[in-house]
Amino acid sequence: MQYMKATLLVRTKEVRDDGSIVEIVIWELPEPLPPSEHRYKYRLFYGAGGATRVRYDNERGKGDHRHIGSAQSDYAFTTVEDLLDDFEHDIADWG
């Protein structure tokens, strides 16, 4: 397996007062990770008690998608800023 060199842009983890966790990891890649057409690899997580509430991620072969509870849907990535905004909106909508 061939690995690409990547630049870490963001890595943060917050444990909130209610015990929920928000974790954001975003890498910039030298080339897109197919089938994505952008050069970012990301994992954004919000959950509690071992359960995922909201998660955005992309992976080789699967592309950009999000999880809201147990439901998964495609995600139309545009920019890192929009990704973070969409993630924050879904967290706010959760509770």
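Conventions adopted
Residues numbered from 1 in each chain as written. Predicted model: local features only at pLDDT ≥ 70, side-chain atom pairs only at ≥ 80, totals over all residues. Heavy atoms only, no water. Helix = DSSP H or I, 4+ residues; strand = E, 2+ residues; numbered from the N terminus. Buried < 20%, exposed > 50% of the residue type's maximum accessible area, 1.4 Å probe, protein only. Contact = heavy atoms within 4.5 Å. Pairing = 2+ DSSP bridges. Axes fitted to C-alpha atoms, helices over the stretch in contact; angles between N-to-C directions. Salt bridge = Lys/Arg side-chain N within 4 Å of Asp/Glu carboxyl O. Phe/Tyr/Trp six-rings, centres within 6.5 Å; stacked < 30°, edge-to-face > 60°.

Caption draft 1: Fine view of the side chain of D57. Examined against the element boundaries, D57 turns out to sit in strand 4 (residues 51-59). Since its relative accessible area comes to 10%, D57 is described here as buried. Ignoring anything within four residues of it in the chain, the contact list for D57 reads Y42, R43, G63, D64, H65 and H67.

Caption draft 2: View of the sheet that holds strand 4. Spatially, the 6 strands line up as an open sheet ordered 1-2-3-4-5-6, and their pairing is antiparallel. At either margin of the open sheet sits one strand with a lone partner, and together these are strand 1 (7-15) and strand 6 (71-74). If you compare each strand with its neighbour and ignore which way they point, the axes differ by 10° on average. Here strand 3 (residues 40-48) pairs with strand 4 via 6 bridges, running antiparallel.

Caption draft 3: Layout of the pairing of strand 5 (residues 63-68). In this structure, strand 4 lies alongside strand 5, joined through 6 bridges in antiparallel fashion. If you follow D57 over to strand 5, its bridge partner there is H65. In terms of strand pairing, strand 5 meets strand 6 through 4 bridges, oriented antiparallel. The residue bridging I68 from the neighbouring strand is A71, located in strand 6. Turn length for the strand 5-strand 6 hairpin, with the two strands adjacent in sequence and antiparallel, is 2 residues, and the turn residue G69 shows positive phi of about 60°.

Caption draft 4: View of unusual backbone geometry. Cis geometry is adopted by the peptide bond preceding P35, which originates at P34 and carries an omega value of 10°. Considering the arrangement of structural elements, one finds P35 in the loop between strand 2 (21-28) and strand 3.

Caption draft 5: Just the pattern of salt bridges, in detail. Tallying each qualifying case throughout the model produces 5 salt bridges. Ionic pairing is found between R55 and D57, a salt bridge with its closest N-O pair at 3.8 Å.

Caption draft 6: Representation of the packing of aromatic side chains in the model. A complete count under the given rule lists 4 aromatic pairs for this structure. Between the aromatic rings of Y40 and F77, the centroid separation amounts to 5.8 Å while the plane-to-plane angle is 35°, which identifies the pairing as tilted. On the criterion of sequence distance, the pair formed by Y40 in strand 3 and F77 in the loop between strand 6 and helix 1 (80-94) is long-range, its members being 37 residues apart. Its relative accessible area of 14% is what places F77 among the buried residues. An angle of 80° between the planes, with centres 5.0 Å apart, marks the rings of Y56 and Y75 as edge-to-face. With a gap of 19 residues between them, Y56 in strand 4 and Y75 in the loop between strand 6 and helix 1 connect regions that are remote in the sequence. Side by side, Y56 and Y75 carry an identical accessibility label, which is buried.

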